[in-house]
Amino acid sequence: MVEVPEGPFWMGCNVTVDEVCATNQNTQYDNEYPYHQVTLSAFLIDKYEVTTCEYGACVDAGVCSAPSTDPDSEFNWGVEGRENHPVNGITWFQALQYCAWQGKTLPTEAQWEKAARGGVTGLRYPNGPVLDKSFAFYGQGRGGLRVMQAVGQLELARFVNPAGLKTIGRNLFLETQA
């Protein structure tokens, strides 16, 4: 786990540096307005995503239900060789169950955004004003997305989030409390 320090940060869509949200106001980005300062207490967040193997321990304990295994999807559950890939195909409720079993909670949206930004302000992305696709898995594979990588795989990439998180927001969609 990584401790994210207490203090303020700017949350939401900053139209002065993000042309995408600036030109898409009143659309899918509505929940990112207004750009505002939020102050949080210190909190802990996992350094990596939960693997299918880790989630499987919760299933084996009879606490969590198995994720989806739709053969037409790119779900990792039950796929040989994907034990160390992030668990996907789970619902928000399943994520809550797993966290409770671990004695943890899902981060709030504000906590996730502060951790993802890693203390960086005034930029669209934590690595700079332009998305450097070598820091994430974009642009290849089915649906235009690269196949997810094993947890920790992106540690080999050049980018490390200033908060010490390696793959936050770079491998798959992540759940928050709200």
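You'll find the structure just up there.
Residue numbering note: each chain is counted from 1, following its sequence as written. The predicted origin of the model limits local features to residues at a pLDDT of at least 70 and limits the giving and counting of side-chain atom pairs to 80 or more, whereas totals for whole chains, interfaces and linings rest on all residues. Excluded from the side-chain calculation are hydrogens and water; included are all heavy atoms of the structure.

K.L.:
Describe the packing of helix α2 (residues 52-60) against helix α3 (residues 92-102), and please don't skip the residues or the numbers.
P.N.:
Where helices are involved, their axes are fitted lines through C-alpha atoms of the stretch in contact, as for all axes, and angles between N-to-C directions lie from 0 to 180°. Secondary structure counts use DSSP, requiring at least four H or I residues in a row for a helix and at least two E residues in a row for a strand, with both numbered from the N terminus. Look at α2 against α3: their axes get within 10 Å of each other, and the N-to-C directions meet at 80°. In terms of axis orientation, α2 runs roughly perpendicular to α3. Contacts between α2 and α3 pair E54, Y55, A57 and C58 from the former with Q94, Y98 and W101 from the latter. Residues are grouped as follows: nonpolar covers Ala, Val, Leu, Ile, Met, Phe, Trp, Tyr, Cys and Pro; charged covers Asp, Glu, Lys and Arg; every other residue, Gly included, is treated as polar. Taken together, the residues of the contact of α2 with α3 sort by class into five nonpolar, one polar and one charged. These descriptions rest on fixed angle ranges, namely under 35 degrees for roughly parallel, over 145 for roughly antiparallel, 65 to 115 for roughly perpendicular, and the rest for oblique. Note on definitions: a residue-residue contact is assigned when non-hydrogen atoms from the two residues lie within 4.5 Å.

K.L.:
So what's going on with the state of the cysteines? Which residues, and what values?
P.N.:
Disulfide assignment relies on a single distance test, namely cysteine sulfur atoms paired within 2.5 Å. In this structure the tally under the stated criterion is one disulfide. There is a disulfide in this structure between C58 and C64, and the S-S distance comes to 2.0 Å. Between C58 and C64 the disulfide shows an S-S torsion of about 70°. By sign, it is right-handed. Burial status follows relative accessibility: with a 1.4 Å probe on protein chains alone, a residue under 20% of its type maximum counts as buried, one over 50% as exposed, and anything between as partly exposed. Overall, C58 belongs to the buried group, its relative accessible area being 0%. For the unlinked cysteine C99, the closest cysteine sulfur is that of C64, found at 9.1 Å.

K.L.:
Explain helix α4 (residues 109-117) to me, using residue names and the numbers behind them.
P.N.:
In terms of burial, α4 is a largely internal element, seven of the nine residues being buried. Elements that come into contact with the buried residues of α4 comprise β1 (2-4), β2 (7-11), β3 (36-40) and β4 (43-45). In the segment just after α4, G118 is the residue with positive phi, at about 60°.

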